[in-house]
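Chain and residue survey
Chain by chain, the residues:
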Amino acid sequence: MYDRGLGVLEQYGLTANTVIRGRGALICDTEQGLKIIREYWGSPAKMERQQKLQVHCREEGFRQVDLVLSNQEGQVISKGEDGTPYIVRDWFSGRECDTRSETDIRKSVAYMAELHKVMHMDKEENPAAETLPEEMKRHNREMRKIRNFLQKKKKKNEFEEILSKSVSYFIEQGEASLEMMETLDFEKMSGENATAICHGDCNQHNILMVEEEVAFTNFEHWNYGPQAADLYQFMRKILEKHHWNRELGMMMLKTYEKGRRMSEEERRYLKILLAYPWKYWKIANFYTNNNKSWISRKNLEKLNQTIELREPWKRFLEHFPE
């Protein structure tokens, strides 16, 4: 229903004057400004840590983050009448970053640097997690497995034919990126960035143009690590849409470093991230894990687009400064 979840506002002492449906959420104009209501099925502890991070950002002077609110009982998760768990966050009246606008792109990168300067907190826990080199090795193994499978398959559909002919190139690129990664002192760099936090999902959908400022939203994937990972995510999304335009890429890099200077190692780390075929692996992995007898036209288009961008991607990396 249109108003499903709207009743949880009562648990915050709020009333919605108007309601607009967003992506899987309700955006409400209340007596305390815009709020957004969204289902949340994760752990309360994880959302409490996210709230702590967002409060920290605001206290350090970066107020344009979509803070998770606590209800009148002090809880970050509120149950609807049907038992569905929801979170309520501050929201902004603005629009998503326009990937065609150089002004929007420049402002987004400049504000990202400012956000990164305040996104530092001591770790409360340090669970064992797959490192980036380990993840790259795993993805390389998965692409080799796909190649072996396709080599043995006699009857291939159009998607499989294109995947089979292109996969070796991207495996080589993945192996070369891993070799570059192994020349980095990754453990030392991670240690130097022990308190650094990444947004974790830095794309145009989570960056809002709010009057003269820029807001960052949807921190659900935040994590500790070198913050160049956020810059990589945003740069790749933009550059894929601009055929890996070198001038645009250098503008983004220089704009970011005006606000937050990266070390030589972190800049090399950024280049390695840009050089790894993450998008190709994602398309190939989706094929592996889903019905192979039917491939959507959309995935076929994504595969073709990724292959068509090989040369401009290669030229961009050749001229990328370390």
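Quick caveat: nothing in here was measured; it's all calculated off a predicted structure. (Residues numbered from 1 in each chain as written. Predicted model: local features only at pLDDT ≥ 70, side-chain atom pairs only at ≥ 80, totals over all residues. Heavy atoms only, no water.)

Quick word on the overall build of the protein
Note the threshold: In this text, helices come from DSSP runs of H or I with a minimum length of four residues, and strands from runs of E with a minimum of two, each type numbered from the N-terminal end. For this measure, only C-alpha atoms enter the radius of gyration; the expected value for a globule follows 2.2 Å times N^0.38, where N is the number of residues. Residue exposure (1.4 Å probe, protein chains only): buried if accessible area is under 20% of the type maximum, exposed if over 50%, otherwise partly exposed. Whether two residues are in contact is decided by their heavy atoms: any pair within 4.5 Å suffices.
Counting secondary structure elements, the protein contains 11 helices and 10 strands. Computed over C-alpha atoms, the radius of gyration of the protein comes to 22 Å, within 12% of the 20 Å expected from 2.2 N^0.38 for 322 residues, which places it in the range of a compact globule. Here the C-alpha coordinates of the protein stretch approximately 60 × 45 × 40 Å along the principal axes. Each of the 322 residues in the protein was classed as buried or not, and the buried ones make up 49%. Residue pairs at least 24 apart in sequence account for 73% of intrachain contacts in the protein once pairs closer than 6 positions are excluded.

Structural notes on the sheet that holds strand β9 (residues 213-216)
Operational definition: Whether two strands pair comes down to DSSP finding at least two bridges between them. The angle between two axes is taken between their N-to-C directions and runs from 0 to 180 degrees, where each axis is a line fitted to C-alpha atoms and a helix contributes only its stretch in contact.
Spatially, 3 strands are ordered β6-β8-β9 in an open sheet, and the strand pairing comes out antiparallel. Strand pairing shows two members of the sheet lacking a second neighbour, β6 (95-96) and β9, which therefore form its edges. Taken together, the 4 bridges between strand β8 (residues 207-210) and β9 define a ladder with antiparallel strand orientation. Residue pairing for β9: I207 is matched across the bridge by F216. Sheet strands touched by helix α2 (residues 102-118): β6, β8 and β9. Its angle to β9, the strand with the most contacts, is close to 65°.

Description of the packing of aromatic side chains
Quick reminder of the rule: Pairing of aromatic rings covers Phe, Tyr and the six-membered ring of Trp, with a centre-to-centre limit of 6.5 Å; geometry is then stacked below 30 degrees between planes, edge-to-face above 60, and tilted otherwise.
Under the defined criterion, the tally for this structure stands at 11 aromatic pairs. With a centroid separation of 5.6 Å and an interplanar angle of 35°, the aromatic rings of F159 and Y287 are classed as tilted. Of this pair, F159 sits in helix α4 (residues 158-182) while Y287 sits in helix α9 (residues 278-289), and the two are 128 residues apart along the sequence. An identical accessibility class is assigned to F159 and Y287; each is buried. Measuring from centroid to centroid gives 6.2 Å for F170 and W313, while their planes differ by 20°, and the two rings are stacked.

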